[in-house]
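# Commentary on secondary and tertiary structure
So you can see what is in the structure, the chains are spelled out below.
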Amino acid sequence: MTEAKTVTRPGEIVERALGLSRADGCVVIVRESTTANLRWAGNALTTNGLTRGRQVTVIATVDGTEGTAAGVVSRSGVTVDGLEDLVRAAERAARDAGPAEDANPLVGGTRFGAGFDDAPAHTSIEVFRAFAPALGEAFARARSGGRKLYGFAQHEMTSTYVGNSAGLRARHDQPTGTFELNAKSADMSRSAWAGVATRDFTDVDVAAAEAELEQRVGWAARQVDLPAGRYETLLPPSAVADLMIYLAWSAGARDAHEGRTVFGKPGGGTRVGEKLSTLPLTLLGDPAYPGLACAPFSTAVASGDASSVFDNGLPLEATSWIADGVLSALPANRFAANLTGLPVAPEVDNLVLKNTGADRSLADMVASTKRGLLLTCLWYIREVDPQTLLLTGLTRDGVYLVEDGEVVGAVNNYRFNESPVDLLGRVTEAGRTERTMPREWGDYFSRAAMPPLRVPDFNMSSVSQAS
Amino acid sequence: MPHPIDPAFTAYPLRRLADAALERARELGAAHADFRLERIRDAHLRLRDGRTEMSLDATDVGFAVRVVHEGAWGFAAGVDLTVDAAVRVAEEAVAVARVSRAVAAASGSDDRVELAPEPVHEDAVWVSAYDVNPFEVPEADRIGLLAQWSRDLLAADGVDHVDASLMAVQENKFYADTAGTTTTQQRVRLHPQLTAVAVNGGAFESMRTLAPPVGRGWEYLTGTGWDWKAELAEIPSLLAERVAAPSVEAGTYDLVIDPGNLWLTIHESIGHATELDRALGYEAAYAGTSFATFDKLGSLKYGSEIMHVTGDRTAEHGLATIGYDDEGVATQSWDLVKDGVLVGYQTDRNMARMQGFERSNGCAFADSPSHVPVQRMANVSLRPAAEDRSTADLIGGVERGLYIVGDKSWSIDMQRYNFQFTGQRAYRIENGRLAGQVKDFAYQATTTDFWGSMEALGGPSTYRFGGAFNCGKAQPGQVAAVGHGCPSAMFRGVRVLNTVQEAGR
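This text gives an overview of the structure that appears in the document. No experiment lies behind these values; they were computed from the predicted model shown.

## With respect to the pattern of salt bridges
- Inspection of every chain in the model, using the stated rule, returns 70 salt bridges over all chains.
- Glu 15 of chain A is paired through a salt bridge with Arg 169 of chain A; the nearest N and O atoms lie 2.8 Å apart. Residue Glu 15 of chain A is located in helix α1 (residues 10–20), and its partner Arg 169 of chain A is located in strand β6 (residues 169–185); the two are separated by 154 residues in the primary sequence.
- By relative accessible area, which is 34% here, Glu 15 of chain A ends up partly exposed.
- A salt bridge links Arg 39 of chain A to Glu 283 of chain B, with the nearest nitrogen and oxygen atoms 3.0 Å apart. In this pair, Arg 39 of chain A is assigned in strand β1 (residues 25–41) and Glu 283 of chain B in the loop between α7 (276–279) and β9 (309–312), connecting two distinct chains.

## Considering the sheet that holds strand β10 (residues 333–338) of chain B
Residue and element names in this part refer to chain B.
- Strand order in the open sheet formed by 4 strands is β11-β10-β9-β14, with antiparallel pairing between adjacent strands. Two strands close off the open sheet at either side, each with one partner strand: β11 (341–342) and β14 (379–382).
- Of the pairings in the sheet, the one linking β9 to β14 comprises 4 bridges and is antiparallel in character. Its bridge partner being in β14, Val 309 is matched across the sheet by Leu 382.

## Considering α1 of chain A
Residues and elements named next belong to chain A.
- Looking at α1, one finds that the buried residues are Pro 10, Gly 11, Ile 13, Val 14, Ala 17 and Leu 18. Taken around the axis of α1, the buried residues stretch over an arc of 160 degrees, which confines them to a single face.
- Looking at the buried residues of α1, the elements they touch are β1, β3 (49–64), α2 (80–97), β5 (147–164) and β6.

## With respect to the interface of chain A and chain B
- Facing the 90 residues of chain A at the interface are 92 residues of chain B.
- Together, the buried faces of chain A and chain B total about 7600 Å²; carbon and sulfur atoms form 51% of this surface.
- At the junction of chain A with chain B, the criterion picks out 8 salt bridges.
- When the shortest N-O distance is used, the salt bridge between Arg 260 of chain A and Asp 163 of chain B registers 2.3 Å.
- On the surface where chain A and chain B come into contact, there are 42 residue pairs in polar contact (both at pLDDT 80 or more).
- Here the element with the most residues in the side of chain A that touches chain B is strand β15 (residues 390–403) of chain A; it accounts for 7 residues.
- Considering only residue class, the side of chain A that touches chain B consists of 31 nonpolar, 34 polar and 25 charged.

## Overview of the pairing of strand β6 (residues 182–200) of chain B
Residue and element names in this part refer to chain B.
- Of all the 19 residues making up β6, 16 are buried; the element is thus mostly covered by neighbouring parts of the structure.
- As paired strands, strand β4 (residues 124–127) and β6 are joined by 4 bridges and run parallel to one another. Note that in β6 the partner of Trp 126 across the bridge is Gln 185.
- Where strand β5 (residues 161–177) folds back onto β6 in an antiparallel hairpin, the turn is made up of 4 residues, including Gly 180, whose phi is positive at roughly 115 degrees.
- Sheet topology note: the β6/strand β7 (residues 203–208) ladder contains 6 bridges and is antiparallel. Its bridge partner being in β7, Ala 196 is matched across the sheet by Met 207.
- Taking the residues between adjacent antiparallel strands as the criterion, β6 and β7 are bridged by 2 residues, where Gly 201 takes a positive phi near 55 degrees.

## Here's the deal with the sheet that holds strand β10 (residues 281–285) of chain A
Residue and element names in this part refer to chain A.
- Pairing within the open sheet is mixed, and its 6 strands lie in the order β12-β11-β10-β13-β20-β19. Here the strands that pair on one side only, and so sit at the sheet edges, are β12 (326–327) and β19 (434–436).
- Of the strand pairs in this sheet, β10 and strand β13 (residues 351–355) are connected by 4 bridges, and their pairing is antiparallel. Across the sheet, residue Leu 283 finds its bridge partner in β13, namely Leu 353.

## Some details on the nonpolar core
- Ranked by size, the top nonpolar core spans 68 residues in total, and within it Trp 40, Phe 128, Phe 131 and Phe 179 of chain A together with Phe 35, Leu 37 and Val 67 of chain B carry the most contacts.
- Top element by residues in this core is helix α3 (residues 83–107) of chain B. It accounts for 9 residues.

## With respect to the pairing of β10 of chain B
Residue and element names in this part refer to chain B.
- Across 4 bridges, β9 lies against β10 in antiparallel orientation. By the bridge assignment, Thr 310 is partnered in β10 with Asp 335.
- Relative to β11, β10 runs antiparallel, the two being bridged by 2 bridges. Within β11, the residue paired with Lys 338 across the bridge is Val 341.

## Quick notes on the packing of helix α3 (residues 131–144) of chain A against helix α4 (residues 206–219) of chain A
All names here are of chain A.
- It is the contact of α3 with α4, at a shortest axis distance of 9 Å, that shows an interaxial angle of 25 degrees. Taken together, the axes of α3 and α4 lie roughly parallel to each other. Crossing angle aside, the handedness with which α3 passes α4 is right-handed. On α4, the residues touching Phe 131, Ala 134, Leu 135, Ala 138, Arg 141 and Ala 142 of α3 are Val 206, Ala 207 and Glu 210.
- Its residues placed into classes, the contact of α3 with α4 shows 7 nonpolar, no polar and 2 charged.

Basis of the calculations
- Sequence order sets the numbering: in each chain, residues are counted from 1 along the sequence as written.
- The naming scheme follows written order: chains are lettered A onward, ligands numbered 1 onward.
- Only residues with pLDDT of at least 70 are given local features in this predicted model, and only at 80 or more are side-chain atom pairs given and counted; all residues enter the totals for whole chains, interfaces and linings.
- With hydrogens and water stripped out, all remaining heavy atoms of the structure feed into the side-chain values.
- Should a side-chain nitrogen of Lys or Arg be within 4 Å of a carboxyl oxygen of Asp or Glu, the pair is scored as a salt bridge.
- Only runs of H or I of at least four residues qualify as helices and only runs of E of at least two qualify as strands under DSSP, and these elements are numbered from the N terminus.
- Accessibility here uses a 1.4 Å probe with only protein chains present; expressed as a share of the type maximum, an area under 20% marks a residue as buried, one over 50% as exposed, and anything in between as partly exposed.
- Pairing between two strands requires that DSSP report at least two bridges joining them.
- Regarding the arc, it is the one traced by the directions from the helix axis to the C-beta atoms.
- Residue contacts follow a heavy-atom distance rule, with two residues in contact if any of their heavy atoms lie within 4.5 Å.
- Put simply, buried area is how much 1.4 Å-probe accessible surface two parts lose in total, over both of them, once they are put together.
- Whenever a nitrogen or oxygen atom comes within 3.5 Å of another N or O atom, the pair is scored as a polar contact, on the condition that within protein one atom can donate a hydrogen and the other can accept it, and that pairs from neighbouring residues in sequence are kept only if both atoms are in side chains.
- Note on residue categories: nonpolar means Ala, Val, Leu, Ile, Met, Phe, Trp, Tyr, Cys or Pro, charged means Asp, Glu, Lys or Arg, and polar means any other residue, Gly included.
- To define a nonpolar core, start from buried Ala, Val, Leu, Ile, Met, Phe, Trp, Tyr and Cys residues and group those joined through side-chain atoms within 4.5 Å.
- With axes taken as lines fitted to C-alpha atoms, and helix axes fitted only over the stretch in contact, angles between N-to-C directions fall between 0 and 180 degrees.
- Put simply, angles under 35 degrees are roughly parallel, angles over 145 are roughly antiparallel, angles from 65 to 115 are roughly perpendicular, and the rest are oblique.
- Helix crossings fall into two classes, left-handed where the near helix is turned counterclockwise from the far one by less than a right angle and right-handed where it is turned clockwise.

In short, the description is geometric, and any link to function would need to be established separately.
Quick look at the structure:
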């Protein structure tokens with residue numbers, strides 16, 4: 001193979017691939033991404049990097065007597081010379097696949113096409129121009145204070161281009177930044193964590209995060225051992241996000257309709273319309289949500305319970321999954337919507353939980369707590385029982401005992417067993433919604449805004465010795 | 001007979017790009033530089049009730065340059081397979097190292113990266129053991145086999161839905177470094193799964209095949225290494241028994257655990273706990289650290305005296321098996337726990353040097369050309385008893401207990417103490433005999449208590465080699481395929497939960 005340069009404009013790749021198509025229908029998705037990251041441990045940077053990548057996906061659709069089939073082939077680093085091979089491979093895959101259940105007409109019309117012919121957006125190590133020196137200063141402060149800092153900062157810019165043979169042209173640039181800081185005492189016995197999601201790192205204050213963690217490591221100077229049991233617990237927004245994200249991922253309309261999830265109604269159908277919470281909680285996705293903006297159209301390189309390769313380019317709108325405590329929608333592609341009788345409701349790449357009218361902060365909720373536990377975050381969350389959506393996982397990096405409105409010390413960690421669906425029915429207070437960084441799922445889903453929650457009887461199943 | 005390296009991979013300008021990148025890194029003052037060009041082909045097939053839901057064939061091609069420059073790591077990656085791009089990526093890697101050095105200077109650190117020595121391996125070639133490359137099997141045939149198996153299951157009484165999936169991977173890597181090592185490698189792996197679901201009046205239960213993922217080719221689906229016909233034939237009756245089974249009574253039980261479940265407990269509580277980067281704190285902010293800290297090497301009582309665990313990157317068909325790791329280290333096998341005592345770790349070259357080991361044991365791995373190699377897991381396996389004791393023999397030694405088969409839910413804390421696992425099935429053991437399935441079970445324990453309670457091991461005939469495709473670690477997140485072998489084993493006095501009660505019902 002001889003050297004060959006890749007095409008630099010993704011819009012051109014889309015047009016060329018569509019031009020090569022001999023199938024009945026064709027969708028081309030180009031994702032161009034750059035990432036810059038810094039990682040540190042023990043007050044020193046460790047593995048840092050700068051990467052760039054390009055993935056070209058061709059979805060060929062072939063009509064047959066029994067229905068329409070789809071074939072999906074995806075490759076990175078595609079050259080101009082390699083495009084035809086890619087398109088033909090997708091067409092072969094479509095012929096091999098057999099009729100697709102989720103077949104629908106491709107989404108037509110030119111929408112979201114601004115900048116389609118322009119070069120993709122990029123990030124670089126320069127995004128850390130102010131952040132990196134501040135991090136070095138934080139290392140120095142931590143070292144002199146007898147603490148160790150661990151963590152990771154990443155900025156990613158992904159430009160997505162989607163075109164199809166029905167005339168769709170769509171482009172979206174998505175910046176995603178995350179910063180996680182973990183402070184530990186010199187003997188590693190005390191630990192605190194803070195996480196921030198950002199679009200561009202201009203709003204990340206390393207010194208403030210480090211100061212907050214210094215305070216929390218200080219709280220842990222007094223250690224209190226408490227047994228397993230059910231405790232009044234204040235869940236901070238990060239922990240709430242991790243639970244609600246799992247709930248949203250488990251909410252596919254088709255699985256629910258088939259009686260295979262917690263959202264299936266006994267005897268058939270779904271629980272849409274059922275009251276899940278006595279509080280006026282609303283769980284929504286909205287591509288235009290301030291600070292959490294995400295793609296306004298569907299992109300899918302694979303079909304699943306809630307996504308469909310035929311739905312590429314489908315417009316996304318604000319969707320309430322739960323409205324005023326009532327289950328109001330389940331993620332559904334066009335096929336699932338038709339099957340279940342529910343509205344088409346594509347997944348959105350952000351998630352917001354709101355308690356209408358609530359304005360109390362986590363600090364306010366601590367101040368009004370007689371005796372309870374204040375968590376920092378949850379970790380290693382896994383599904384135990386899909387029927388109840390029982391999840392297990394652990395507390396991490398700080399569980400604090402609150403007495404008479406004050407944090408009085410740090411408590412041992414716990415393993416919990418809880419269902420987020422059941423928990424919504426038991427929550428007694430939800431505070432003010434704020435942007436947060438989900439600790440467990442932040443690698444996949446970082447655009448979240450959640451309130452702190454008060455749960456009167458959170459199930460701490462056993463004590464974890466981990467510190 | 002090993003297959004040749006795929007000519008489509010060797011046709012890439014491997015050495016030309018490597019030479020250009022390494023030369024540029026040298027010019028810029030790098031003390032060490034390595035170059036990796038990879039092609040990873042990854043096919044995902046998913047069928048729902050016998051019809052194709054998803055078929056995705058993805059190929060990732062790219063290259064990476066990693067440098068040690070002024071004592072700091074630098075890493076960059078790109079996808080344009082040109083000399084100009086290789087040079088530019090080398091320059092970017094050095095630039096990243098300079099940022100690291102500047103931050104270190106601002107913090108007052110004088111730590112410097114050094115690598116444990118490794119012999120030079122010139123022009124080394126390695127190919128994994130398989131008969132039929134799954135990518136040479138027409139997709140229609142792959143779909144056809146899974147569809148037929150799905151239809152067979154759906155035809156059985158009590159089976160309402162069947163999910164089938166197949167993941168196939170072909171991984172090609174070319175590595176070159178400034179010391180003169182060059183390696184070219186190829187491996188293939190497969191993970192097929194079928195799950196039958198019964199829906200009944202608002203309740204539902206599922207039963208999944210136990211066939212593990214393997215470092216084999218398509219022959220695994222046609223009779224080599226697993227009896228699919230036998231397993232699929234018994235799934236409907238196992239599911240029906242599960243639907244009718246009573247809920248487990250929570251309490252303390254003796255457990256006999258089948259290899260199809262125990263591999264995952266080994267993975268979480270031994271495999272991750274003996275990773276040296278975790279023991280030293282390099283995963284502290286993310287995956288976590290380990291209770292098995294370095295100061296306990298040679299003294300930590302990990303489990304009972306019959307416990308012997310090895311790390312191995314050379315085992316045939318292992319998911320973590322490779323000839324040379326992503327730092328050019330020839331792979332090896334070694335002890336991690338011997339006679340119940342912690343005696344070893346999994347290392348890369350930097351951490352081996354840091355802790356005074358003569359050589360890395362070859363556990364550096366990157367899951368894609370755009371990721372930096374990190375210390376990843378070998379095949380970590382529990383050795384069987386010397387005498388050939390059967391699973392039935394182990395069950396015969398239990399008065400009141402559970403026999404647990406197949407993996408399902410898993411979770412462990414960030415220092416690898418507290419864990420909770422469920423399984424595909426659990427059978428009551430009464431007076432040394434199986435007495436039917438129970439449902440809603442989970443077992444919960446602390447690592448050293450659990451392994452300390454291991455009273456008996458099955459023999460070689462019970463040993464099975466399993467593992468996972470998707471072990472997650474590091475930031476940016478990476479996934480690795482990892483293999484684990486073990487026999488059946490018997491544990492005394494383990495806490496068993498009723499998950500319905502845990503849900504507050």
